[in-house]
Amino acid sequence: MTHALIVIDVQNDFCPGGALAVAGGDQIVGGINTLMGEFAAVILTQDWHPAGHSSFASTHNAAVMSMMDMPYGPQVLWPDHCIQGSTGAQFHPDLNLDRADLIIRKGYNPAIDSYSAFFENDHQTPTGLEGYLRTRGITDLTMVGLATDFCVNYSAVDAAKLGFAVTVKRELCRGIDLQGSMAAALEGMERAGVHLI
Ligand code: VGL
Ligand code: ZN
């Protein structure tokens, strides 16, 4: 049994002052750095969109946080965020990057968003993370980071469906809570067998 810590999207744009700021997003950084010491493997994810990404409201001249039907299903239209190479896409400056074995980027496909660290939002296109974890013999995952109700939620549910034993440490996550998305995410994670602590 090997247990990995997966740190989801602790990036400037999801912290106060960022383009898609999550309230208190910066408050979890110190605790995550400390937690890294307890794990045999540490993996970071990084939201990494090309300019003009299909999940951006500006791309469609639509209102921020409105919904759009994509070929793969409904999609929230976000403010421009985590653009490849931008300061907003960089990790929070206090996050300890030295402990990371792997940094996996997602959301680089212009046509499909990717909340989950495992699959794009079509629920089919893999990021490669599953293969990485399996070939390293990693069976158990603890997840922390941003945002609880989007990228943490989608990553945790996909991981549980793939057969990993998944724990989400809520005190080291912060959420967006868009139209009840937090309650729905917590319920969905419970239903998928994710251990919420
Ligand atoms: C996220 C919305 C858009 C997240 C990423 O990290 O939760 N949310 N892109
Ligand atoms: Zn994004």
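Above: the structure in question.
Criteria and thresholds
- Residues numbered from 1 in each chain as written.
- Chains lettered and ligands numbered in written order.
- Predicted model: local features only at pLDDT ≥ 70, side-chain atom pairs only at ≥ 80, totals over all residues.
- Heavy atoms only, no water.
- Helix = DSSP H or I, 4+ residues; strand = E, 2+ residues; numbered from the N terminus.
- Rg over C-alpha atoms; globule rule 2.2 N^0.38 Å.
- Buried < 20%, exposed > 50% of the residue type's maximum accessible area, 1.4 Å probe, protein only.
- Contact = heavy atoms within 4.5 Å.
- Areas by Shrake-Rupley, 256 points an atom, 1.4 Å probe, with all protein chains shown as cover.
- Near = heavy atom within 4 Å.
- Polar contact = N/O pair within 3.5 Å; in protein donor to acceptor, adjacent residues only side chain to side chain.
- Nonpolar A, V, L, I, M, F, W, Y, C, P; charged D, E, K, R; others polar.
- Donors = N, O, S within 2.8 Å, 3.2 Å for Na, K, Ca; no water.
- Tetrahedral: all angles 85-135°; square planar, octahedral: opposite > 155°, others 65-115°.

Undergrad: How would you sum up the overall build of the protein? Please name residues and give values.
TA: Secondary structure summary: the protein contains 4 helices and 8 strands in total. Helices and strands in the protein line up, N terminus first, as β-α-β-β-β-β-α-β-α-β-α-β. The globule rule puts the C-alpha radius of gyration for 197 residues at 16 Å, and the 15 Å found for the protein is close to it. If you line up the protein on its principal axes, its C-alpha atoms span 50 × 30 × 30 Å. With 197 residues in all, the protein has 54% of them scored as buried. Here the contacts in the protein between residues at least 6 apart in sequence split such that 71% fall between residues at least 24 apart. Of the accessible surface of the protein, which amounts to about 8300 Å², a share of 52% is contributed by carbon and sulfur atoms.

Undergrad: Kindly report on unusual backbone geometry, identifying the contributing residues and their values.
TA: Backbone torsion omega between Leu 146 and Ala 147 reads -10°, so that peptide bond is classified as cis. The topology assignment puts Ala 147 in the loop between β6 (138-146) and α3 (148-161). Backbone geometry at Asp 9 places phi at a positive 50°, although glycine is not the residue there. Note that Asp 9 resides in the loop between β1 (2-8) and α1 (29-36). Judged by relative accessible area, Asp 9 falls into the buried class, the value being 0%. Within the chain, Met 65 stands out as a residue other than glycine whose phi angle is a positive 70°.

Undergrad: Quick rundown of the site of ligand 1? Include the residues and the values.
TA: Taken together, the neighbourhood of ligand 1 is formed by Asp 9, Phe 14, Leu 20, Asp 47, Trp 78, His 81, Tyr 115, Leu 146, Ala 147, Phe 150 and Cys 151. His 81 is positioned with one of its side-chain polar atoms (N or O) 3.1 Å from a nitrogen atom of ligand 1. The contact in question runs from an oxygen atom of ligand 1 to an N or O atom on the backbone of Leu 146, over 3.3 Å. Computed on the free molecule, ligand 1 has an accessible area of 260 Å², of which 100% lies beneath the protein chains in the complex. Considering only residue class, the shell around ligand 1 consists of 8 nonpolar, 1 polar and 2 charged.

Undergrad: An account of the coordination of the zinc ion (ligand 2) is needed here, citing residue identities and associated values.
TA: Protein ligation of the zinc ion (ligand 2) involves Asp 47 (OD), His 49 (NE2) and His 81 (NE2), the donor distances falling in the range 2.0 to 2.2 Å. Taken together, the 4 donor atoms surrounding the zinc ion (ligand 2) define angles of 88 to 167° at the centre, an arrangement classified as irregular. Mapped onto the sequence, the donors of the zinc ion (ligand 2) take the spacing D-x1-H-x31-H. One end of the pair, Asp 47, is in strand β2 (residues 41-47); the other, His 81, is in the loop between β4 (73-76) and β5 (102-106), with 34 residues separating them in the sequence. Of the residues examined, Asp 47 reaches a relative accessible area of 2% and is grouped as buried.

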